Amino acid sequence: MQFSKMFVLNMGMLITIAYLASVFYKYVVIRTSSRVKQISSVLVLIFAGWISTVFGFQLTEKWSLIFVMYL
């Protein structure tokens, strides 16, 4: 798939997820305690990191070697 098509697809997903998160926050999260908000934010960040590694760009061996060398 071309990078331009992947970019448009990713932007569409980003806008959709941002809208759904906004609606979820407006009707659900605002009514919970601060402790639940803290725990859920940590869980959401862990889940988002896992999702980004699973569905992120698949780089070739050449590019992954370059990224490993900089770490």
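Residues numbered from 1 in each chain as written. Predicted model: local features only at pLDDT ≥ 70, side-chain atom pairs only at ≥ 80, totals over all residues. Heavy atoms only, no water.

Caption draft 1: A look at the overall build of the protein chain. Helix and strand counts for the protein chain come out as three helices and zero strands. From first element to last, N terminus to C terminus, the protein chain shows the α and β order α-α-α. Here the protein chain, with 71 residues, has 1% of them falling under the buried criterion. (Helix = DSSP H or I, 4+ residues; strand = E, 2+ residues; numbered from the N terminus. Buried < 20%, exposed > 50% of the residue type's maximum accessible area, 1.4 Å probe, protein only.)

Caption draft 2: Summary view of the layout of surface pockets. Put simply, the second largest pocket is a space of about 210 Å³. Lining the second largest pocket are Phe-24, Tyr-25, Val-28, Val-29, Thr-32, Val-36, Lys-37, Ser-40, Ser-41 and Val-44. Every element with two or more residues in the lining of the second largest pocket is listed here: α1 (3–27) and α2 (34–55). In the lining of the second largest pocket, the residues fall into six nonpolar, three polar and one charged. (1 Å grid on protein atoms, 1.4 Å probe; cavity = no way out; pocket = protein on both sides within 12 Å on 5 of 7 lines; lining within 4 Å. Points joined across faces, edges and corners; volume = space filled by probe spheres on them. Nonpolar A, V, L, I, M, F, W, Y, C, P; charged D, E, K, R; others polar.)

Caption draft 3: Structural context of a nonpolar patch on the surface. A cluster of nonpolar side chains, contributed by Tyr-19, Leu-20, Val-23, Phe-24, Tyr-27 and Val-28, occupies part of the molecular surface with about 620 Å² of accessible area. Position of Tyr-19 relative to the elements: it lies in helix α1. (Patch = residues over 30% accessible without salt bridge, like charges linked within 9 Å, V, L, I, M, F, W, Y side chains within 5 Å. Areas by Shrake-Rupley, 256 points an atom, 1.4 Å probe, with all protein chains shown as cover. Salt bridge = Lys/Arg side-chain N within 4 Å of Asp/Glu carboxyl O.)

Caption draft 4: The arrangement of the confidence of the model for the protein chain in detail. Chain-level pLDDT for the protein chain is 80 on average; 76% of the residues reach the 70-or-more range. Averaged pLDDT values over the elements of the protein chain bottom out at 55 in helix α3 (residues 61–70) and peak at 87 in α1. (pLDDT = per-residue confidence, 0-100.)

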